[in-house]
2 protein chains.
Amino acid sequence: MTVTTDRAERTTTSAVLPTDGAISVARPLPARGVAILGGLWADRIRTNRERSMAHGYAQLGHAGNLTNFRLAAGAKGTYQALGAPMGLVFPFLDTDVYKWLEAVGWELGRGPDPALASRADDVIALIEAAQRPDGYLNTYVQVVGGGQPYRDLQWGHELYCFGHLVQAAIAWHRSIGDDRLLEIALRAVATVEAELGPGGRDGIDGHPEFEMALVELYRTTGERRHLELARRMVDLRGHGLLGPGRFGPAYWQDHVPTRDATEVAGHAVRQMYLDCGVVDLAVELGDRGLLESVLTRWHDMLETRTYLTGGLGSRHNDEAFGDPYELPPDLAYAETCASIASVMLAWRLLLATGDPTCADVIERTIYNGVLPGVSHAGTAFFYVNTLQRRTDRAASDEGSGERQAWFACACCPPNVMRLFSSWEQYLATTDGSGIRLHQYADAELRADVAGGSVRLRVETDYPWSGEVAVTILETPASPWTLSLRIPGWCETASLEVVGGGRETVPAGAHTADRTRSWTAGDRVVLSLAMPPRVTRPHPRVDAVRGCVALERGPLVYCVETADLPAGIELEDVRVDADVRPTETPRGDLPGAPVGLSVAARTTTSDAPITIGAIPYFSWAHRPVEAMRIWIPMASPADPGG
Amino acid sequence: MTVTTDRAERTTTSAVLPTDGAISVARPLPARGVAILGGLWADRIRTNRERSMAHGYAQLGHAGNLTNFRLAAGAKGTYQALGAPMGLVFPFLDTDVYKWLEAVGWELGRGPDPALASRADDVIALIEAAQRPDGYLNTYVQVVGGGQPYRDLQWGHELYCFGHLVQAAIAWHRSIGDDRLLEIALRAVATVEAELGPGGRDGIDGHPEFEMALVELYRTTGERRHLELARRMVDLRGHGLLGPGRFGPAYWQDHVPTRDATEVAGHAVRQMYLDCGVVDLAVELGDRGLLESVLTRWHDMLETRTYLTGGLGSRHNDEAFGDPYELPPDLAYAETCASIASVMLAWRLLLATGDPTCADVIERTIYNGVLPGVSHAGTAFFYVNTLQRRTDRAASDEGSGERQAWFACACCPPNVMRLFSSWEQYLATTDGSGIRLHQYADAELRADVAGGSVRLRVETDYPWSGEVAVTILETPASPWTLSLRIPGWCETASLEVVGGGRETVPAGAHTADRTRSWTAGDRVVLSLAMPPRVTRPHPRVDAVRGCVALERGPLVYCVETADLPAGIELEDVRVDADVRPTETPRGDLPGAPVGLSVAARTTTSDAPITIGAIPYFSWAHRPVEAMRIWIPMASPADPGG
């Protein structure tokens, strides 16, 4: 076993862990640094652990992913796959298993679960048995792909699979110190290095992912060659090595060198995963130019190619970013995985730069881009997250109205699982000066500051309430800074410090910070005004011209047919430009207690009506008819207008 | 040779030829009944004959389609295909050859062309050599598909290929009496009948097309079994025989029995080709209920799922119809083939019902849905016909800005060729009472009416002018009706008859008709007022809310960057709701002499500007930047508004 365990390694359970030498501005909290205790996220994490994980295991069995490892290990039988297009068998089915295992790794770190651990042990044993003596491991290639590794870098997804294997391995290593997967992964990565590493042939995978895994492997093993292999993969991309493929070289970000690309392009998940790896690489290399290139793309993406929900990708055909401001609500792709990858990238940028707007992106995306992708019960998923569904629909409906138990390409469900299993990692960071709270949840946090250990209790009903109370449970005597993010959507925020008197701290543009000597029992209360808001689109977004959206706090709202007066079709509803939505308690929707209520009218009658709006993430939990986020404003062009 | 030649057969060169027993209201003109002499269509037909046909032959050689027939005949080599997705080889490449041959058949009927005839002879010889002794013929199955026919009815496209073979064969038979292809086709169809005909197993092709070919084969051979096989194929569809495939059973119209389907669904070309066959079948069977089902779908399609251009299909992913009113301009698919198929269907409905609005659909679609798909030079093609292209675009641009010489899936180019080669067939019909002119072109027409032969000279500069002068060159003494279509877009029309005095005939809702005894030299002048129009979208079309389009006569106009003042981006242009476009002569655009000029402003300045608009079919003939058909109206929401 070649793994060395350095200081940071021993004291973190973070999926992303810059080394001490990295130029990152912020660091994750230490091992078990955050425990979410209540509220929306405690509920979601519990559901994920208790329902989704078992569901995922059953689906991996049903879809045949586990059988494929048995076949690779020598068992007789037919390679298994749910129906893929035109008789194709997807070559990346191993990753569903690896992502599920990553989630198990984080969950076992949170607390024991013998049943889950036993299932995982079986799966790890299958993987061990499937790995070839030479270290190579890919059930598709071994069973039906002819057995020759690295012959189809365009579509074979072999390195992509290894990336997920490595991430699972690191979760098990960091979370519970179990290195079985890590040893498998190291042997597998060695086969890549032999074929495609320095001195080998030039080749990159059509689907980025391996890069960030390699950097994290370097962070875990301390072996520079993993970082160098990541650098090689990033440097080789953008020179046309992959050819045009079906969708042109931008589909796999191979159209322009990564360092020179100023806009996101092509397949959204690929771009996000690539940029995650590029940030990881840049901070470890101290390559500020490379980091800057990601920031340039990221800012352009946020400005021109991001849905209100944080969702990414407007093109179903190639799962890709479209033109700037090409953001159709009905034809949105907004793959759940793309939102997850966006959260992963924003987190890396937050660590790298300390910019609190990164946390704004995480917030918008986790609530409105990721959460809608999983049912409240945790066992049904959206792959595509449409922003609009019509009353009448095409007979060939692309699954935009009902969450599914699983998919032929099942990347999203286990991706949700691993993100929710590690969600507490995204709540806060430390740096030399203190602790920064980025996401608000009812939680206890523990971190080290310059003078010693800090323990905090955060009490809040966020996202339903904007009140966040932080109590200092434990602190050194020396001063440190407590920083609380002011979300970008919040226009009125105040911070009150209670302890040795009462003090109001002015909120900055993006954070409210207080530096002082703290005493156990001190209390800080952040008040974020959270009135319902009416949001207008950018005038270049053609697809929602003349519409408004409703938001409250970090949540995007939507209207479903069930919340219209009887007999009205959602397509006929219009609101006035100066509409003022009000809050309505919603006891009928699981996990979504705050609804909105809006005055409206229809194109078919002059009578005023009132319609309800619910958090977008809670849509499609009742019999699904029509839904829309962007609601047309009344116009003289309407028949009834 | 089993072909019988009946009366109608001897006197027509129409691709669609209802038998005397059909319930069709109208009939095509007789053989060589129309000669287009001048104007836009003479130009286009000449270009098609002189440029496109040679280009097509060269591309069929370059892409390997002809080589594949050599391989099927026993030559050694590798099956040829331009790059298809993920290493797939399309199994329908034979159809490109058949459609090109169909076009050659019509062209040789128009007049001799020894070079073209010689090339076609070579190709026919290749096909003859490739056909197996048992009559089966499909280069994909024979060379790389394992040799077993009809094993993959979902995706194999074997019957689809035969459909195009039959249509080519009928063109050669009717146009010049050459039956080489017809004999090949009859042997091939016999293999289908043996396997899938009455008494065989139940099976239909994933891609309709064979149905209409079978009915036409019945019309040519008089053999009822061809009609019965068509009936069997139509009856079997809609019962899930094909399974869900990748996109669900509606993709190939197998979700509901054809007779019961009230909406178009799935892949647009498949739906149109299917309904062509259903109309053909219904009129021959006298099955008015079946015909009515097509009309129900067709009217719903025109109301809810048809672009202003006549284009069909808003979903790139499955080339499919979307939801009702899901008509995004930027993400329009509007495949050239779908527009061609729409023309084919509307023509069949026109023959079946006599409804002149069918000719309105043909007109809108041929000018704005088909013509844009081919360059003025005749050698470059659009597969996708977007209605909007942005100034900034995604790096992974789906070929929406530049016409291409050919495609990996090259259905569209030879489909344009066969339509233009037979375009004069669509201009007029006869029925018991006289002659109906549906499309206006500078032409000479010949037809039989009850009392004898009629010859007409039509003089017009349509679509640039709304003046259409018809001179009677030859007529029997007995009365007959001359009917001239009043296009749906025309608000003011008048018909003047000069001959034995001067007489003004009131225009009806859809036609202007005059029944009388005509004399050679009589002259009829139709005046269609053709002022520029401003068109507003239906309020349910979300994607173009707050926009207007410009039209004149049958032509949809668009704005290209080249016709904006320097430095202005098309995305910033706004027009007022009461904008009044004016005509502008355009000498700079080949084949598009009438432009429009519109007052506008921008979102970035208060200064008024003037922008130009050109016929949509002429876009992308200058260096392509931005283009749009739907132009936003000025709104207070705009930054400069």
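Residues numbered from 1 in each chain as written. Chains lettered and ligands numbered in written order. Predicted model: local features only at pLDDT ≥ 70, side-chain atom pairs only at ≥ 80, totals over all residues. Heavy atoms only, no water.

Trainee: Is there a simple way to explain the interface of chain A and chain B in this structure?
Mentor: Accessible area lost on assembly of the parts is the figure often given for the size of an interface. Contact residues are listed per partner, giving 53 residues for chain A and 53 residues for chain B. Both faces considered, chain A and chain B share a buried interface measuring about 4,300 Å² in area, 53% of it formed by carbon and sulfur atoms. Per-class residue counts for the side of chain A that touches chain B are 21 nonpolar, nine polar and 23 charged. (Contact = heavy atoms within 4.5 Å. Buried area = accessible area lost by both parts, 1.4 Å probe. Nonpolar A, V, L, I, M, F, W, Y, C, P; charged D, E, K, R; others polar.)

Trainee: Could you clarify how one ought to interpret the confidence of the model for chain A in this entry?
Mentor: Residues shown with low pLDDT carry predicted positions that ought not to be read at fine detail. Residues and elements named next belong to chain A. Taken as a whole, chain A shows an average pLDDT of 94; of its residues, 96% reach a score of 70 or greater. Confidence drops under pLDDT 50 across residues 1-11; counting only partners more than four residues distant or on other chains, this segment forms 25 contacts. Of the two predicted TM-score estimates for the complex, the pTM is 0.93 and the ipTM is 0.90. (pLDDT = per-residue confidence, 0-100.)

Trainee: I'm lost on the pairing of strand S19 (residues 594-602) of chain A in this one. Help?
Mentor: On a regular strand, each side chain points to the face opposite its neighbour's, so the side chains alternate between the two faces of the sheet. Residues and elements named next belong to chain A. Across the nine residues of S19, seven count as buried, placing the element largely inside the fold. When strand S17 (residues 573-574) meets S19, the two strands line up antiparallel, connected through two bridges. The residue of S19 that forms the bridge with Val573 is Thr602. Pairing geometry for strand S18 (residues 582-585) and S19, over four bridges, is antiparallel. Its bridge partner lying in S19, Pro585 is registered against Val594. Connecting the antiparallel pair S19 and strand S20 (residues 605-615) is a turn made up of two residues. (Buried < 20%, exposed > 50% of the residue type's maximum accessible area, 1.4 Å probe, protein only. Helix = DSSP H or I, 4+ residues; strand = E, 2+ residues; numbered from the N terminus. Pairing = 2+ DSSP bridges.)

Trainee: Can you walk me through the relation of the copies chain A and chain B in this structure?
Mentor: The pair of chain copies shares a relation made of a rotation about an axis and a shift along it. Between the two copies, chain A and chain B, the superposition gives an RMSD of 0.0 Å; the rotation angle is 180 degrees and the shift along the axis is 0.0 Å. The superposition of one copy onto the other is thereby described by a two-fold rotation axis. (Least-squares fit on C-alpha atoms with pLDDT ≥ 70 in both.)

Trainee: Got a minute to help me understand the sheet that holds strand S9 (residues 480-485) of chain A in this structure?
Mentor: Strand pairing in a sheet relies on backbone hydrogen bonds, with the paired strands running either antiparallel or parallel. Residue and element names in this part refer to chain A. The strand order across the open sheet formed by five strands is S1-S4-S5-S9-S12, and the pairing between neighbours is mixed. Both edges of this open sheet fall to strand S1 (27-28) and strand S12 (511-516), since each of them pairs with a single strand only. The sheet contact formed by S9 and S12 spans six bridges and is antiparallel. Across the sheet, Arg485 pairs through a bridge with Thr511, a residue of S12.

Trainee: Quick question: what am I supposed to make of the pattern of salt bridges here?
Mentor: Enumeration according to the criterion identifies 108 salt bridges over all chains in this entry. Put simply, Arg225 of chain A and Glu193 of chain A hold a salt bridge, and the shortest N to O gap is 2.5 Å. Of this pair, Arg225 of chain A sits in helix H10 (residues 224-236) while Glu193 of chain A sits in helix H8 (residues 180-196), and the two are 32 residues apart along the sequence. Note that Arg418 of chain B is salt-bridged to Glu102 of chain B, the shortest N-O span being 2.8 Å. (Salt bridge = Lys/Arg side-chain N within 4 Å of Asp/Glu carboxyl O.)

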